Amino acid sequence: MGVATPQQAHAGTTVNFGKDQFFTLGLGVRAQYLSHDTTMPGNGDAASASDLRIYMGAQFHKYVKSTLNLERLRDGNWNVLDGILQVERWKAFNIWGGRMLTPSDRSNLDGPYFLSTYAFPMVSQYPGAWSGRDDGIAVWGKLLKDHFRYVAGVYRGHNWVRGGSNYGEHPLFAARMEYNFLDAEPSPAYYTASTYYGKADILAIGLAGQYETDGVGTAEQKGDYKAWNIDGLFEKRIGKNASGGVYTLEGAYYQYYTGGVKDIAPGYGQKSADYGNVGGVNDGTAFLASTAYLIPYRLGWGRIQPLVRYQEFRFRKNMYGPGHPKTTQFDAGANYVMDGHNLRFTFDYARYKPEGARAIGAFLLGMQFQY
């Protein structure tokens, strides 16, 4: 299924048509109960199917493949998540065109299904047309026995909307490189995960950057968008065959720049913020740190993985309020891991403190399933 999906989900169905020709079909579902949902009237509790995806892929030739993944939006409509034509002749140099994940931080390249925690980190704010994706063309490859990975691309870009700062004028340039000092990451293409549950010993450092002329603001007041981050993942099997468990440590540091210009509101000029790569970029500095430990003993059908995570977004001085206003979030909970990222339950307590408002605490019970 690595051909058909951005990550390593199981292939639900594979149909072969001949030598090097086949079609695959899979499914991904995430559902949650949240005790304090700020998106609901009255901030009450809410249960929802937060994510439903259909994975499809095909190979037409030994070196030519394609991916088409669909995702159900909160309003009930379906959107193209990934739509990629993939020319993969050499491991060191491949060409992809279409809608895909842009080169960015580890969290975005994980996607929601391959994080160590359930909730996507709020400090990961690279813009995208949908779920961190954009339309464009990219080259990527693996070198040094897969220990070094790179990806670079040119994309449609941010604020391509009438009244926005970049109505069809300037593309987005993005690139990422990563080196694995221990085992090579067992994830396909340039995608990542924040835990591999002991499949490998990982020490990976990644560096990513994006740039777009007139990428933020309005048509009358424009600013160049620049962003970069460095991220790292350390995961170690303790004892022979991970008999002492698996320890995980992850961190990331971000810098976002808007040239001193405030961006337009998310979804400006569109049906909702879910449609299109518009607005919402903030100028500031951010970081996250998380740690987890996969207990080696089984409890019923799975194993417990306790975890904690802290995030902070510090806005540019005197641009969004006096001084350096900030938003923080602390998470503490545990995963019940039955089949890696393909079948997992999560219990989490989150304390979210938005800039200029009181802190909010919430309990989350989530599950994800991929086939």
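What comes next concerns the included structure. Sequence order as written defines the numbering, with residues in each chain counted from 1. Owing to the predicted nature of the model, reporting of local features is limited to residues with pLDDT of at least 70; listing and counting of side-chain atom pairs is limited to 80 or more, with chain, interface and lining totals taken over all residues. Remark: hydrogens and water are excluded; side-chain values derive from all non-hydrogen atoms of the structure.

1. Points about the overall build of the protein
Counted only if it meets this: Secondary structure elements are defined from DSSP: runs of H or I of at least 4 residues count as helices, runs of E of at least 2 residues count as strands, and each element is numbered from the N terminus. It is over C-alpha atoms that the radius of gyration is taken, and the globule rule equals 2.2 Å times the number of residues to the power 0.38. Accessibility here uses a 1.4 Å probe with only protein chains present; expressed as a share of the type maximum, an area under 20% marks a residue as buried, one over 50% as exposed, and anything in between as partly exposed. Whether two residues are in contact is decided by their heavy atoms: any pair within 4.5 Å suffices. Neither His nor the chain termini are counted; the positive set is Lys and Arg, and the negative set is Asp and Glu. Every charge is mapped onto a representative atom, which is NZ of Lys, CZ of Arg, CG of Asp or CD of Glu.
Along its length, the protein carries one helix and 18 strands. Whereas a compact globule of 371 residues would reach a radius of gyration of roughly 21 Å, the protein reaches 20 Å, a difference of no more than 12%. For the protein, the C-alpha atoms occupy an extent of roughly 55 × 45 × 40 Å along the three principal directions. Counting all 371 residues of the protein, 49% fall into the buried class. Look at the contacts in the protein between residues 6 or more apart in sequence, and 61% of them connect residues 24 or more apart. Distance between charge centres in the protein, computed from 37 positive and 33 negative side chains, equals 4 Å.

2. Focus on the side chain of Asp348
Condition: Here a polar contact means two N or O atoms within 3.5 Å. Within protein one must be a hydrogen donor candidate and the other an acceptor candidate, and residues neighboring in sequence count only if both atoms are side-chain atoms.
Along the chain, the position of Asp348 falls in strand β17 (residues 343-353). Of the polar contacts made by the side chain of Asp348, one reaches the backbone nitrogen of Ala332; its length is 3.3 Å.

3. Brief notes about the pairing of strand β8 (residues 148-155)
Heads up, the condition is: We treat two strands as partners when DSSP finds at least two bridges between them.
With burial as the criterion, only one face of β8 is covered, namely that bearing Arg149, Val151, Gly153 and Tyr155; the residues Phe148, Tyr150, Ala152 and Val154 on the opposite face remain uncovered. Sheet topology note: the strand β7 (residues 133-143)/β8 ladder contains eight bridges and is antiparallel. What sits directly across from Gly141, in β8, is Tyr150. Linking two consecutive strands that pair antiparallel, namely β7 and β8, is a turn of four residues; a positive phi of about 55 degrees is found at Leu144 within it.

4. Points about the packing of aromatic side chains
What counts, and what does not: Note on ring pairs: Phe, Tyr and Trp rings are taken, using the six-membered ring of Trp, and paired if centres are within 6.5 Å. Classes follow the plane angle, with under 30 degrees stacked, over 60 edge-to-face and the rest tilted. Think of it as a cone above the ring: NZ of Lys or CZ of Arg counts as a charge over the ring if it is within 6 Å of the ring centre and within 35 degrees of the ring normal.
Within the structure shown, the criterion is met by 15 aromatic pairs. Taking 5.6 Å as the distance between ring centres and 75 degrees as the angle between the ring planes, the aromatic pair formed by Trp96 and Trp140 counts as edge-to-face. You can see Trp96 sitting in strand β6 (residues 94-101) and its partner Trp140 sitting in strand β7, a full 44 residues away along the chain. Among the residues examined, Trp140 registers a relative accessible area of 7% and is labelled buried. A cation sits over an aromatic face here: Arg30 above Tyr113, 5.7 Å from the ring centre. A cation over a ring is seen here: Arg30 above Tyr118, with NZ or CZ 3.9 Å from the ring centre.

5. A few points about the nonpolar core
Our working rule: To form a nonpolar core, buried Ala, Val, Leu, Ile, Met, Phe, Trp, Tyr and Cys residues must be joined to one another through side-chain atoms within 4.5 Å.
One finds Trp96, Tyr190 and Tyr254 to be the most contacted residues of the largest nonpolar core, which totals 31 residues. Ignoring any residue separated from it by four or fewer positions in sequence, one finds Tyr190 in contact with Trp96, Met100, Leu101, Leu109, Trp140, Arg149 and Val151. One finds Tyr55, Ala193, Tyr196 and Leu233 within the second-largest nonpolar core, a separate group that totals nine residues.

6. Comments concerning the pattern of salt bridges
Stated formally: We count a salt bridge whenever a side-chain nitrogen from Lys or Arg sits within 4 Å of a carboxyl oxygen from Asp or Glu.
Across all of its chains, the model carries 20 salt bridges by this definition. For Arg106, the salt bridge is made with Glu178, and the minimal N-O distance between the two is 3.6 Å. Here Arg106 is found in helix α1 (residues 106-110), whereas its partner Glu178 is found in strand β9 (residues 172-180), with 72 residues between them in sequence. Across the pair, exposure class does not vary: Arg106 and Glu178 are buried alike. With a shortest N-O distance of 3.9 Å, Lys326 and Glu312 are connected by a salt bridge. You can see Lys326 sitting in strand β16 (residues 326-337) and its partner Glu312 sitting in strand β15 (residues 302-315), a full 14 residues away along the chain. Of the residues examined, Glu312 reaches a relative accessible area of 9% and is grouped as buried.

7. Points about the environment of Gly361
Within the element layout of this structure, Gly361 appears in strand β18 (residues 360-370). Given the relative accessible area of 36%, Gly361 is considered partly exposed. Between the C-alpha atom of Gly361 and that of Ala350, which follows or precedes it by eleven residues, the distance is 5.7 Å. Beyond its immediate sequence surroundings of up to four residues, Gly361 is in contact with His36, Tyr349, Ala350 and Arg351.

8. A look at the side chain of Gln311
Mapped onto the secondary structure, Gln311 falls in strand β15. The buried category is assigned to Gln311, whose relative accessible area is 0%. A distance of 3.4 Å separates a polar side-chain atom of Gln311 from the backbone nitrogen of Val123.

9. Details of unusual backbone geometry
Located in the positive-phi region is Lys145, a residue other than glycine, with phi close to 55 degrees. For Lys145, the position within the fold is in the loop between β7 and β8. Lys145 sits in the exposed class, given a relative accessible area of 77%. Non-glycine residue Ala242 carries a positive phi angle of around 60 degrees. Positionally, Ala242 belongs in the loop between β11 (222-237) and β12 (246-257). Ala242 sits in the buried class, given a relative accessible area of 12%.

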